[in-house]
Amino acid sequence: MKSFHLMLVGIVIAMSLLVTAPILQMSYAHQRALFNINGQDYLFVIGSLNEPVSVDDKTGVEFRAMYPDPANPTDSRANGTQPATGLEESLKVEILAGDKNLTSNLEPSFGELGSYESEPFYPTIATTYDYRIYGDINGAAFDVTFSCQPSGGESAQGDNSTVQISEGVERKALLGGFGCPEDRIGFPEPYISQYEISQELNRTSN
């Protein structure tokens, strides 16, 4: 009986890890783009809220802007990064899917400097979504479109080549990617709470 309970606990923990795995990957399921704009380097992190996203899920554009660490300019978590604030005054985002589009302001995220969000939207089909960020940054016209990748995350191919985007805007690196909305398959898997796991552990130890 004890071995049966131990096996059950193992299954419960394994299922819990499978459920939480997407949460651990979410911070990597975004695209990083390093730009030089009128002589100032910016590191942007672009993706969708609540990744991974399924059709009919509530989501939105997440856009984080920072002044990068010169020692490690493509690492958004490097100690020397500083948030780029105030961009809500000069930037908008256009969300495009097929022949449909939605234009939204980029509003500052609550409690996180340099982080911005679009108004929420609900993907209705599994297709490629483009996020066009446009406006003015550091006195230069900025107009760049970022596309979701079916592979998503860090599996997306990077590009470290220097590309002149427009006058005063130069892209220096493009790394990672954000996933496209996927078809929902079946009913969502049940969530196993930490309380249920602890209860099962206590039962087997008695």
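Here, the structure is the one placed above.
Note that residues are indexed from 1 along each chain, following the sequence as it is written. Local features in this predicted model are restricted to residues whose pLDDT is 70 or higher, and side-chain atom pairs enter the listing and the counts only when it is 80 or higher, whereas totals over whole chains, interfaces and linings include all residues. Remark: hydrogens and water are excluded; side-chain values derive from all non-hydrogen atoms of the structure.

So, on to the nonpolar core. By nonpolar core we mean a set of buried residues, namely Ala, Val, Leu, Ile, Met, Phe, Trp, Tyr and Cys, connected to one another through side-chain atoms within 4.5 Å. Exposed residues in this analysis have more than 50% of their type's maximum accessible area, buried residues have under 20%, and partly exposed residues fall in between, with area computed by a 1.4 Å probe over protein chains only. Counting residues in hydrophobic clusters, the biggest one holds 31 residues, and the most contacted among them are Phe35, Ile37, Phe44, Phe63, Tyr131 and Phe142. For this core, the secondary-structure elements that each account for two or more residues are β1 (31–37), β2 (40–48), β3 (61–67), β5 (91–97), β9 (130–137), β10 (140–147) and β12 (169–176). For Phe63, the residues in contact, after removing those within four places along its chain, are Phe44, Val45, Ile46, Leu87, Leu91, Leu106, Gly114, Ser115, Tyr116 and Ile133. One finds Leu34, Leu43, Val45 and Met66 within the second-largest nonpolar core, a separate group that totals five residues. Working definition: helices are DSSP H or I runs of at least four residues, strands are E runs of at least two. Numbering for both runs from the N terminus. In this analysis, two residues are considered to be in contact whenever any of their non-hydrogen atoms come within 4.5 Å of each other.

On to the environment of Gln164. Along the chain, Gln164 falls in strand β11 (residues 163–166). Its relative accessible area of 51% is what places Gln164 among the exposed residues. It is 9.6 Å that separates the C-alpha atoms of Gln164 and Asn36, two residues lying 128 residues apart in sequence. In terms of polar contacts, Gln164 uses its side chain to reach the backbone carbonyl oxygen of Ser166, at 2.9 Å. Whenever a nitrogen or oxygen atom comes within 3.5 Å of another N or O atom, the pair is scored as a polar contact, on the condition that within protein one atom can donate a hydrogen and the other can accept it, and that pairs from neighbouring residues in sequence are kept only if both atoms are in side chains. Only 3.3 Å separates the side chain of Gln164 from the backbone oxygen of Val169, close enough to count as a polar contact.

Salt bridge, as used here: a side-chain nitrogen of Lys or Arg that lies within 4 Å of a carboxyl oxygen of Asp or Glu. Taken as a whole and judged by the stated rule, the model has four salt bridges. Asp41 serves as the salt-bridge partner of Lys172, at 3.1 Å between the closest nitrogen and oxygen. Taken together, the residues span a long stretch of sequence, with Lys172 in strand β12 and Asp41 in strand β2 at a distance of 131 residues. Among the residues examined, Lys172 registers a relative accessible area of 28% and is labelled partly exposed. The partner of Asp159 in a salt bridge is Arg171, and the shortest N-O contact between them spans 2.9 Å. Of this pair, Asp159 sits in the loop between β10 and β11 while Arg171 sits in strand β12, and the two are 12 residues apart along the sequence. Counted as one network, the salt bridges with shared partners bring together Glu94, Arg132 and Asp143.

Covalent bonding between the sulfur atoms of two cysteines defines a disulfide. Note on terminology: pairs of cysteine sulfur atoms within 2.5 Å are recorded as disulfides. All chains considered together, the criterion is met by one disulfide. Between the sulfur atoms of Cys148 and its disulfide partner Cys180 the distance amounts to 2.1 Å. Given an S-S torsion of about 95 degrees, the disulfide between Cys148 and Cys180 has right-handed geometry. Of this pair, Cys148 sits in the loop between β10 and β11 while Cys180 sits in the loop between β12 and α2 (194–205), and the two are 32 residues apart along the sequence.

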